[in-house]
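# Structural features, examined
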Amino acid sequence: MQCRNKPVPRAHKCVAAVSTEKGRKTEKGRGLFGRYPGKISIAKWRAWGFDRAMLPEIESLLILQSKDQAIRKLQRELARIPMEEDNARSRLSDDQAAVAAIKEKLQANEIAIKNLELDIETRRTTILRLKTQQFETKKNDEYTALGNEVVRYEGEVSGLEDRELGLMEIAENLKANLSDAQAKLAACQTLVDEELGQLAERRKNCEQQQAELEAERSAAAAKIEETLLSRYDRTLAAKKDAALVPLQHGTTCGGCHMKVTSATANGTKAEKEITACEQCGRILYLDED
Ligand SMILES: [Zn+2]
């Protein structure tokens, strides 16, 4: 194969960044890749040994798989961003609703005050008319009756004015509440804008990384024979997590954790041909000394 005797793949650099196993001997029995099927750290790779005659096809596929897994991780992160944006915006809705509710109350209160003022004005006009009539009349009983009407209307005006004062007081309170609610909304808007800005930045970074990884993936895929590449692609599409998994404890598939046949186990250990788990179809590679 064209990639025989290749140097250590740079592809695993990114995985090494999250590895905590550097310099530590791998736990016996679990295997080098037991915890993260298909991912290898540089430390593990080195611990494993360069002189090892790993199948070059497997080596190329592992590079490809590391790219695919990184791409999938970015895709999942990108898919979460719109949801996080919606969540951020939804935090505004309570504060927006509070401002709208207070504005509505204020408006209703202003209408009520205007109506009271109209009622007061009507009565004052009536009082003036009654007083004119009272002044013009020459009959004592009519004079008294008109006087009583004036007193009654003045009493009504006084009552309406008291109600108007009450509504004006409510308006003052509502204005103070509106001011508080608007300040709270503005503060929330600032936070949400910040968060939306960070999400936009994250989207940009993810898309950039994805484009880089896609290019690296294409370069890695070009080195793999077509039938094998197609088999790998089908397996990864079906299994989602990994198309290549380590043979664990020399007997078990690192993907479905079922025992493989001894012929398959021996084939994997011999590292002369591509072997796969009979249960799940994932391609197996050797991860133990
Ligand atoms: Zn399996």
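Above this note sits the structure.
Below is a short write-up of the structure. As the structure is a prediction and not an experimental result, all values here were calculated from the model.

### Side note on the overall build of the protein chain
- In terms of regular secondary structure, the protein chain is built from six helices and four strands.
- Walking the protein chain from its N terminus toward its C terminus, one meets helices and strands in the order α-α-α-α-α-β-β-α-β-β.
- For the protein chain, with 289 residues in total, the buried portion stands at 21%.
- Excluding contacts between residues fewer than 6 apart, the proportion of contacts in the protein chain whose partners are at least 24 apart in sequence is 73%.

### As for the environment of D94
- Of note, D94 is situated in helix α3 (residues 56-136).
- Residues D94 and L185, spaced 91 residues apart in sequence, show a C-alpha to C-alpha distance of 8.8 Å.

### Considering the sheet that holds strand β4 (residues 283-286)
- Within the open sheet, the four strands sit side by side as β2-β1-β4-β3. Their pairing is mixed. At either end of the open sheet lies a strand with only one pairing partner, and these are β2 (252-253) and β3 (275-276).
- Pairing analysis gives four bridges linking strand β1 (residues 244-248) to β4, with the strands arranged parallel. Looking at β4, one finds that P246 is bridged to Y285.
- On top of the sheet, α3 reaches β1 and β4; it is set at about 120° to β1, its chief contact.

### Comments concerning helix α4 (residues 140-222)
- Taking 1.5 Å of rise per residue, 83 residues should cover 123 Å, and α4 covers 118 Å from first to last C-alpha, within 8% of that figure.
- Where α4 is concerned, the buried positions are L146, L213, R217 and A220.
- Packed against the buried residues of α4 are α3.

### Describing the nonpolar core
- L61, L244, I283 and L284 are the most contacted members of the largest nonpolar core, which has 23 residues in total.
- Counting only elements with at least two residues in this core, the list comes to α3, α5 (226-239), β1 and β4.
- Tallying contributions element by element places α3 first for this core, with five residues.

Cut-offs applied
Residues numbered from 1 in each chain as written. Predicted model: local features only at pLDDT ≥ 70, side-chain atom pairs only at ≥ 80, totals over all residues. Helix = DSSP H or I, 4+ residues; strand = E, 2+ residues; numbered from the N terminus. Buried ≥ 20, exposed ≤ 12 C-beta atoms within 10 Å, placed from the backbone. Contact = placed C-beta atoms within 7 Å. Pairing = 2+ DSSP bridges. Axes fitted to C-alpha atoms, helices over the stretch in contact; angles between N-to-C directions. Expected span 1.5 Å × (residues − 1). Core = buried A, V, L, I, M, F, W, Y, C linked by C-beta atoms within 7 Å.

Geometry only, nothing functional implied.
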